[in-house]
Structures are given as C-alpha cells and as structure tokens.
Amino acid sequence: RLGHAALMMLDLDNLKALNDVYGHDTGDRYIRETGRTLHDAMTGHSVCSRLSGDEFMVLFYGYDSREQLRRDLNSLQSRLRRASIVLPNGDSFAVSISGGVAWYPEDGNDMASLKKYADFAMYQVKRSHKGGMQEFDIGVYNEASYETQIAQEFEQMLAESRVTYHFQPIFDRNGEAAAYEALMRPETPNLRSPGTVMKLAQETGRLYDIEKLTMFTAPELFRLRQQSGLLAENAWLFVNSIASVCLIGADVEEMRRRVSGIGRNVVIEITEEEDLNLEILNMKRRSTVLSGLYALDDYGSGYSNGNSLLTIAPKYVKVDIAIIRGIDTDADKQQFLMTLIDYAHPRGVQVLAEGVETLSELRKVLEMGVDLQGYCLAPPAAEPGAIDEKAAEVIAEVERQKAEREEAGS
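So, a few notes on the structure that sits alongside this text. Just so you know, these numbers come straight off a predicted model, no measurement behind them.

Comments concerning the pattern of salt bridges
If the charged atoms of two oppositely charged side chains come close together, the side chains can form a pair.
(1) Moving on: Counting across every chain of the model gives 22 salt bridges.
(2) Moving on: For R258, the salt bridge identified is with E254, shortest N-O distance 2.8 Å. In this pair, R258 and E254 both sit in helix α8 (residues 250–258), four residues apart, roughly one turn of the helix.
(3) Moving on: The partner of E367 in a salt bridge is K364, and the shortest N-O contact between them spans 3.7 Å.

Written as structure tokens, this is what we have:
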C-alpha cells in the first residue's frame, strides 16, 4: 500500500519574532494559516498532522514512482510559498517554512527512521537557509553523526582522562637513548588522532584542559615506566606543550606532585607554527617544577625565518621530517641543515633530525653531526624497544670511520 512514499517534516520560520512583535494572537493565526494551506494541498495519498507548536508532518504514500510523488511535493511547496497572513498594521506577512524529506523505502522502512531522517534534513535547512526544502542525504547524516560522536568522546576524554602516551626514543650520535618524546594516544572508540584532539580543543576553547591533561599524565606515565625499568634512567622527557597556555594556581602544585623526581628532566616542546606569547614562554622558562628548557619542533616546516630561534632560545631544535626526507640525495636540504648546525652548535643548541626513516638518511645526518629520532631507529610504543639492529650497525660504522679519519689526521 505504501508503494513509493515520503515523510516530510516542516517547521515554521519566524514564529518567535511574530509573537514578540505582534503578540501571540498573530502567531496563532500564522500557525493556523499554515495548517489550512497544508490541509488544502492534501491528496488522496497524503496525511497531514501538527506535531507541536510550529512543527508539522506530512506523509505522501501509495505512488508508483518517486517522480510522480515529487510532483505533489513541489505543488505543496508552491502553495506554501503563496500563503500569507495580514499583520495588525495591515501589512502582508508571507508564510516561511523549512522542511526535510525522507524517502520510503530508500532512506528507511519504518516510521521512527523516516521521522529521524526527515527531521535531520529539516534542521540542516534551518541552520543554513531558512524557507527551503531539503532531501535527506545519508552521507551528510553519517558525517554529522560521526562529528557529534567525536565531540562527545572529546568531552569524555577530558572528563575521565581517557588518554595514554607512547614514548619514542631520541638517540644521541652514539646510539644511546638520551631522551624520549611523549606522544598522545586518546583511548576512545572513534577519537584516535592527536591532531583531531587539538583541532577540537582550539574550536571549543579547551586548550588549557589539554595542557593540563598532558602535563599531568605524560610525566607520570614516564616516571612509572622508568621505575619499572622500561625506560632509561636520567633520560630527558620531551612533552608537547601549547605555546600560548601555562598552568596556574592549584594546577601547578598538582603537576609538581605528579612529576616528583623527574620534573627537572622534562623539556617543553613547542612548534614554531604556534602563536608565540612571550609572557607565557618566559613563565614556563622560569618554572620551578620543570627544567625550563625548550625544544623547537618542526623546524623548517615552512615558517622558518630564524626569528623563532632568537625568540624561544631553545636548547634543542628538531628539524622537520620534510627536510630530513631524502636528505641523503638532496644538496639543498643538506645545506639547510648545515647552516642550522653552524648557528646552533657554537651556542650550545643541540640539533635533532626528526623522522629518520631510511638507513641512507640516517647515515647522512650522522655524518653531519646531529642527534636522531625516527622509525628507522625505534617507533613510539608504550614500552619502546631497543634501537634497530641495522640502525645500530650504521651508527657504529659511521663512528668507526670518524675515528679512522681523526687518527689519520693526527
């Protein structure tokens, strides 16, 4: 009996404005005129009802094709566009109504689903262009549902501290694990990307909460791993921090409690793309809880002009993966890195090659004299393993060749 059918959800626009300006009697006439227009437009294959306040629902059913049904839908929309009421001041006021349509059986085959989908399509119209009609789109719905789920999981992550950290070793030129970078790993079903976490934090004004979660959790987990013998003792911990945020008040004391014993080994890592707040940077540098040392991350990622080196005065500069990728065969990238080394090393600034992924890249950056981090040496893990055997062989070979050259030179 249903054949091809469509459920239409309708919501009156501007009812509140009418009530506020002309009173509820005028608003009631607006609703009644809409109901009358809908009633007059009904066919032998349609049912209309008022759900509440300014919401209506229409079911068209029993059509042989969607095209046939769509003609009656268009006719209804035309009638609604022509409908109007007369205001107390004598002006004509056009009926404006936003609607959403869900199709049977394509979108759903039960009333609850069709109503939910038509309602979703209607509110897409209300948010973008009132007075229109929109058909349900499962792709848009799934995307919106996913975004809603992600937003809920983000709030849950913050409220319940549902996050852990993996640690990636940073090796010196001798192949020893001198430091570890803490990398966020959200523990929620759908929210898995640290990049998405930061995007949501920026959009919702929750950057302070992310900073607190990071500074409370990463050092605490690091200390526990060290106590279990899983991470090298006396190693530095690089923690990604937000350049424009600094913990204050009771949160500082809570951080002090959580990092007890390793706080002075925590290096604050920030990226040069961030907005740099000198007051915040100096507050962190004067920290009585952490080391006050900075690592400048992603150097060479497209914003480098040397000013960040002067402003931040970091102890460590981590060269972006875009520079390291293919550096073994790219003379320009080698020159970029050598220029940085010539500036940094005389000033006591250590240079780290970030994202080393091939043995050829490893050999070249070792020969140039920088420290190392990347999947070629060891991936991040909750319990990171030892350096890769082949990487260790390359390091040993480069060191041996260096010793031979020094011996020959002497």
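With respect to the pairing of strand β13 (residues 316–319)
(1) Moving on: Burial along β13 is two-sided: Y316 and K318 facing one way and V317 and V319 facing the other are all buried.
(2) Moving on: Two strands pair when backbone bridges link them, and strand β12 (residues 294–299) and β13 are joined in this way by three bridges, in the parallel orientation. The residue of β13 that forms the bridge with A295 is Y316.
(3) Moving on: The pairing of β13 with strand β14 (residues 350–354) spans four bridges and is parallel. When the bridges of β14 are listed, V319 appears paired with A353.

Structural notes on the pairing of β12
(1) Moving on: With six of six residues buried, β12 lies mostly within the body of the structure.
(2) Moving on: Bridge count between strand β11 (residues 266–271) and β12: four bridges; the pairing is parallel. Bridge pairing in β12 links T271 to D297.

Digging into the packing of helix α7 (residues 207–227) against α8
(1) Moving on: The geometry of α7 relative to α8 is characterised by a closest axis approach of 9 Å and an angle of 15° between their N-to-C directions. Relative to α8, the element α7 is oriented roughly parallel. As for the relative orientation of α7 and α8, their crossing is left-handed in sense. Touching Y208, K212, M215, F216, E220 and R223 of α7 are D251, E254, M255, R257 and R258, all from α8.
(2) Moving on: A class-by-class count of the residues in the contact of α7 with α8 yields four nonpolar, no polar and seven charged.

Examining the side chain of E361
(1) Moving on: Structurally, E361 is set in helix α13 (residues 359–368).
(2) Moving on: Side-chain polar atoms of E361 contact the side chain of R325, separated by 3.4 Å.
(3) Moving on: Not counting chain neighbours up to four residues away, the residues in contact with E361 comprise I324, R325, G326, I327, D328, G355 and V356.

Side note on the packing of α13 against helix α14 (residues 389–409)
(1) Moving on: Closest axis-to-axis distance for the α13/α14 pair is 10 Å, and the angle between their directions is 30°. Between α13 and α14 the crossing geometry is right-handed. Contact residues: L359, L362, R363, L366 and E367 in α13; K390, A391, V394, I395, E397 and V398 in α14.
(2) Moving on: Here the contact of α13 with α14 is built from residues that sort into seven nonpolar, no polar and four charged.

What about the environment of P384?
(1) Moving on: Relative to the helices and strands, P384 is located in the loop between β15 (371–373) and α14.
(2) Moving on: Filtering out sequence-adjacent residues up to four positions away, P384 remains in contact with F167, P169, Y180, L230 and L231.

Some remarks on the packing of aromatic side chains
(1) Moving on: In total, this model carries ten aromatic pairs according to the counting rule given.
(2) Moving on: For the pair F167 and F222, a centre-to-centre distance of 5.6 Å together with 55° between the ring planes defines the contact as tilted. Within this pair, whereas F167 is found in strand β8 (residues 163–171), its partner F222 is found in helix α7, the two being separated by 55 residues in sequence. Both residues of the pair, F167 and F222, count as buried.
(3) Moving on: Members of the aromatic cluster, joined through ring pairs, are Y117, F120, F136 and Y141.

What to know about helix α3 (residues 66–82)
(1) Moving on: Taking 1.5 Å per residue, 17 residues should reach 24 Å; α3 reaches 25 Å between its end C-alpha atoms and fits that length.
(2) Moving on: Buried within α3 are the following residues: L69, L73, L76, Q77 and L80. Along the axis of α3, the buried positions cluster into a sector of 100°, meaning they face one direction only. The exposed set on the far side of α3, more than 90 degrees from its buried face, consists of E67, R71, R81 and R82.
(3) Moving on: In the core, the buried residues of α3 are packed alongside β1 (4–12), α2 (24–41), β3 (55–63), β6 (97–104) and β7 (133–135).

Description of unusual backbone geometry
(1) Moving on: A cis amide bond, omega 5°, links Y104 with the succeeding residue P105.
(2) Moving on: With respect to the helices and strands, P105 occurs in the loop between β6 and α4 (111–128).
(3) Moving on: A positive phi is found at S161, a non-glycine position, where the angle reads about 50°.
(4) Moving on: Position of S161 among the secondary structure elements: in the loop between α5 (138–160) and β8.
(5) Moving on: Overall, the relative accessible area of 41% leaves S161 in the partly exposed class.

A look at helix α1 (residues 15–22)
(1) Moving on: The complete set of buried residues in α1 reads L15, L18 and N19. The buried residues of α1 all sit within an arc of 100° when viewed along its axis, so they share a single face. Set apart from the buried face of α1 by more than 90 degrees, the exposed residues are K16, D20 and V21.
(2) Moving on: Against α2, β4 (84–86) and β5 (92–94) lie the buried residues of α1.
(3) Moving on: Directly after α1, the chain includes G23, whose backbone phi takes a positive value near 95°.

Brief notes about the side chain of S241
(1) Moving on: Within the secondary structure layout, S241 lies in the loop between β10 (236–240) and α8.
(2) Moving on: Of note is the side chain of S241, whose polar atom sits 2.6 Å from the side chain of E211.

Calculation notes
Residues numbered from 1 in each chain as written. Predicted model: local features only at pLDDT ≥ 70, side-chain atom pairs only at ≥ 80, totals over all residues. Heavy atoms only, no water. Salt bridge = Lys/Arg side-chain N within 4 Å of Asp/Glu carboxyl O. Helix = DSSP H or I, 4+ residues; strand = E, 2+ residues; numbered from the N terminus. Buried < 20%, exposed > 50% of the residue type's maximum accessible area, 1.4 Å probe, protein only. Pairing = 2+ DSSP bridges. Axes fitted to C-alpha atoms, helices over the stretch in contact; angles between N-to-C directions. Parallel < 35°, antiparallel > 145°, perpendicular 65-115°, else oblique. Left-handed = near helix turned anticlockwise from the far one by under 90°. Contact = heavy atoms within 4.5 Å. Nonpolar A, V, L, I, M, F, W, Y, C, P; charged D, E, K, R; others polar. Polar contact = N/O pair within 3.5 Å; in protein donor to acceptor, adjacent residues only side chain to side chain. Phe/Tyr/Trp six-rings, centres within 6.5 Å; stacked < 30°, edge-to-face > 60°. Expected span 1.5 Å × (residues − 1). Arc of directions from axis to C-beta.

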